[in-house]
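# Residue-level structure breakdown
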Amino acid sequence: MEVNKRIEALRAEITKYEHYYYNLDNPLISDREFDNLMQELIKLEQEHPNLVTIDSPTQRVGGKPMDKFPDYAHRHPLLSLDNAFSFAELLDFDQKIKKLVPNPSYVAELKIDGLSISLIYENSQLIRAATRGDGLVGEDVTLNIRTIKNIPLKLSEDISRLEVRGEIFMPKKDFLKLNDEQEEQGGKVFANPRNVASGSVRQLDPSITAKRKLSAFVYDLLYIEGLSLSEQVEILSYLQKLHLPVNDKWQLCNNIEEVYDYCLKYQELRHDLPYEIDGIVIKLNPFSYRSQLGETAKSPRWAIAYKFPAEEKETILNDVEINVGRTGIIAPTAILKPVSIAGTVVGRASLHNFDLIKEKDIRIGDTVLIHKAGDIIPDIIRPMGEKRTGEEKTIHPPTNCPACNSLVVKFADEVAIRCENINCPARLKESLIFFASKSAMDIEGLGPAIVEQLVKEKLVSSIDDLYKLNHSQLLELERMGEKSALNLLNAINVSKERPLHKLITALGIRHIGAKTAYTLAEHLQNIDNFKHVTEEELKKIPDIGDKMAESVVKFFAEPRNLETIESLKAFGVNVVQVSINNKTTLSGLSFVITGTLENYTRKEAEELVVSLGGKVTNSVSKKTNYVIVGSEPGSKAEKAKELGINILNEPDFINLIGKV
Ligand code: IVH
């Protein structure tokens, strides 16, 4: 087959599979098969760059970060809607319609709580996407919208021009996951999925938007060339036929009573939906009356939004509890007077961080307004200043860790405060698991289950205690036989000989992964040199940025960490960088990485290989020396087998670089 035919066939197939996967929730092929098609297309496009088109599924993320979004003047204004808060107000709306329309039928749709957007297709290709803005002028956010996987870059039918309106949103589960990650990394948390959607669409760097799990529904036709549609029902079916994402919960209602039933139904069911809705949009189904009904200054008279009552409650903030998380983040939790909201009784809510408390000016004793973020997690919206008595107490961040009393630390780029003591009891299990992991001290047999027991039985209360363990102590642990106890002791002993970069990795210093640890160890050679090095000196080392330098200095400024290091030394743990001529070890060797690795991101693994003098390429050829295979590898692993190339699993790979 000619290359361009194959490319076109692949694009059509991939676009179809994306539609089934993202819009119909009905994957037609396995992820693996999908991946293979995508890889084939990427490869062909790389070989024939002149054949790349903007509607190719490979072209979702592209373009450089912008300084600012250009303005976009809407050809068709994006109106907003009047609100109804009760059945009486819906009846009122219906009465006004009935003055003109006998027996009106309505389409009731879910009102998705997101960000309104207009999508413009020309010759079936998505050529522009703009935010609503003030309804007349919005921002051109095309590059960001292209990254949203359920928005087709190409329509399934030939259409010369189409303009549709829809909503960008983040599903609840992705919102909750993102907030968890943000919190774990000491970053800001988002108040609700709408704020994330809006913040993500307005990121100047499309690659950031691409990482957020955004989705879209379209619900309104603003313009179509050469076709006349006469009902909202027809529009929704037609948009769906074009493979645009249409929410399938809409319903045709024969009268306003049916509309109200629908409203009540989804007021009940809203918490079971995977995305947030804040009401129901009701649209007169036939179009013929729209122009006669006309519009007020900002909203059409043929549609209305029924808004659900806000699920917000007032309660009292009785106290604030301060806890240290497993990564050392010190976080405040609100202890609330229990109150029932959206189906559960809420007595606690995360206050996230002390910056937020200050920003919102939340005080102990305040009456606070709460809701459920992402429909699930209790969250304080704001204190009700008007209800203050003057007795309320300001909340101050602690100066010392509540678990180990170390001085707390705040990094320049974070909102969180942290305990930097690697042996803090709150952090200890995490510290130990990481210390023993493959990319760190590589202590075979010391996994989470054993760590759990060692800490519980108080055999280990700091990292260095590992090197104190004896055979009989280990034998006391559950399911620990004679032989495994000996093996574990041996593994602990062997780990004393690891080069310094492994130890630096093992300390779990923020922002210092395996590769950076290696760079630092190579430059500083001995752990003692880490104690007095300044941020300025560190920043002079190639690849060491501000955050990394700050983090190293803060870690070694904590007296308890210095004690731990002295103790490790006393147990005979190696603290110097054993200098074999490392840099050339992988020199001349070519690697391909496929699948997901456990200890490294793809980028980290690549950087590691490169830092050791090796080369990483995308495709397997006879020139490839090693293929590193993670879980769910792609076709590259098979190709390597065919060509008889060395295949390394992750432990083999770590072994190879560990030897360095
Ligand atoms: S129709 C002229 N349908 O709700 C009518 N809007 O003020 C245009 N929204 O800004 C809107 N789901 O962003 C319509 N199924 C739906 C909707 C919806 C969410 C948003 C839209 C608009 C706001 C209403």
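Shown above is the structure to which this text applies.
Worth saying up front: this structure is predicted, and the values here are computed from it rather than measured.

Criteria and thresholds
Residues numbered from 1 in each chain as written. Predicted model: local features only at pLDDT ≥ 70, side-chain atom pairs only at ≥ 80, totals over all residues. Heavy atoms only, no water. Phe/Tyr/Trp six-rings, centres within 6.5 Å; stacked < 30°, edge-to-face > 60°. Helix = DSSP H or I, 4+ residues; strand = E, 2+ residues; numbered from the N terminus. Buried < 20%, exposed > 50% of the residue type's maximum accessible area, 1.4 Å probe, protein only. Expected span 1.5 Å × (residues − 1). Contact = heavy atoms within 4.5 Å. Near = heavy atom within 4 Å. Polar contact = N/O pair within 3.5 Å; in protein donor to acceptor, adjacent residues only side chain to side chain. Areas by Shrake-Rupley, 256 points an atom, 1.4 Å probe, with all protein chains shown as cover. Nonpolar A, V, L, I, M, F, W, Y, C, P; charged D, E, K, R; others polar. Pairing = 2+ DSSP bridges. Axes fitted to C-alpha atoms, helices over the stretch in contact; angles between N-to-C directions. Salt bridge = Lys/Arg side-chain N within 4 Å of Asp/Glu carboxyl O. Left-handed = near helix turned anticlockwise from the far one by under 90°.

## Concerning the packing of aromatic side chains
- Overall, the coordinates contain 14 aromatic pairs when judged by the stated rule.
- Look at Phe93 and Tyr106: their rings are 5.8 Å apart centre to centre, the planes differ by 40°, and that puts the pair in the tilted class. With Phe93 in helix α3 (residues 87–98) and Tyr106 in strand β3 (residues 106–112), this pair connects stretches of sequence that are 13 residues apart. The pair Phe93 / Tyr106 is uniform in exposure class, with both members buried.
- Relative to Tyr467, the ring of Phe435 lies with its centre 6.5 Å away and its plane at 75°, an arrangement referred to as edge-to-face.

## Some words on unusual backbone geometry
- The backbone phi angle of His243 is positive, close to 75°, even though this residue is not glycine.
- Mapped onto the elements of the fold, His243 is located in the loop between α8 (232–241) and β9 (251–253).
- In this structure His243 comes out as partly exposed when scored by relative accessible area, which is 23%.
- Phi at Asp442 takes a positive value of approximately 50°, unusual for a residue other than glycine.
- For Asp442, the position within the fold is in the loop between α12 (428–436) and α13 (448–456).

## Observations regarding helix α5 (residues 172–184)
- The terminal C-alpha atoms of α5, which comprises 13 residues, lie 18 Å apart, in line with the 18 Å expected from a rise of 1.5 Å per residue.
- Taken together, the buried positions of α5 are Lys172, Asp174, Phe175, Leu176, Leu178, Asn179 and Gln182.
- Buried residues along α5 sit in contact with α6 (193–201), β16 (367–373) and β17 (377–383).
- At the C-terminal side of α5, Gly186 shows a positive phi close to 75°.

## Considering the site of the ligand
- In the neighbourhood of the ligand, 13 residues make up the surrounding shell, with Glu109, Ile112, Arg165, Glu167 and Lys283 lying closest.
- Here Arg165 contributes a side-chain N or O atom positioned 3.0 Å from an oxygen atom of the ligand.
- The contact in question runs from an oxygen atom of the ligand to an N or O atom on the side chain of Tyr219, over 3.1 Å.
- If the ligand stood free it would expose 520 Å²; the protein chains cover 91% of that surface.
- At 4 residues, the largest contribution of residues to the shell around the ligand is made by β3.
- For the shell around the ligand, the residue count by class is 6 nonpolar, 2 polar and 5 charged.

## Digging into the sheet that holds strand β4 (residues 115–122)
- Reading across from one edge, β5-β4-β7-β8 is the order of the 4 strands in this open sheet, with antiparallel pairing throughout. One side of each edge strand has no neighbouring strand; the edge strands of this open sheet are β5 (125–131) and β8 (215–224). Averaged over neighbouring strand pairs, the angle between their axes works out to 30° when direction is ignored.
- Where α6 meets the sheet, it contacts β4, β5 and β7 (161–169), and its direction lies at approximately 45° from that of β4.

## Thoughts on the side chain of Thr516
- Mapped onto the secondary structure, Thr516 falls in helix α17 (residues 514–524).
- With a relative accessible area of 13%, Thr516 lands in the buried category.
- Discounting chain neighbours no more than four positions away, the residues touching Thr516 are His511, Ile544 and Met548.

## With respect to the pattern of salt bridges
- Summed over all chains, the structure comprises 44 salt bridges.
- Lys569 is the partner of Asp528 in a salt bridge, and the nearest nitrogen-oxygen pair spans 2.7 Å. Of the two residues, Asp528 is situated in helix α18 (residues 528–532) and Lys569 in helix α21 (residues 559–570); the sequence distance between them amounts to 41 residues.
- Using a relative accessible area of 29% as the deciding quantity, one classes Asp528 as partly exposed.
- Sharing partners across several salt bridges, the network here consists of Asp361, Arg363, Asp366 and Arg388.

## Quick notes on the side chain of Glu558
- Structurally, Glu558 is set in the loop between α20 (546–557) and α21.
- Given the relative accessible area of 6%, Glu558 is considered buried.
- Ignoring any residue separated from it by four or fewer positions in sequence, one finds Glu558 in contact with Ser406, Leu407, Glu420 and Asn421.

## Regarding the packing of α3 against helix α9 (residues 256–269)
- Relative orientation of the contacting elements α3 and α9 amounts to 145°, with a least axis distance of 10 Å. Note on packing geometry: the crossing formed by α3 with α9 is right-handed. On the side of α3, the interface is formed by Phe87, Leu90, Leu91, Phe93 and Asp94, while α9 contributes Ile256, Glu257, Val259, Tyr260 and Cys263.
- In terms of residue class, the contact of α3 with α9 is built from 8 nonpolar, no polar and 2 charged.

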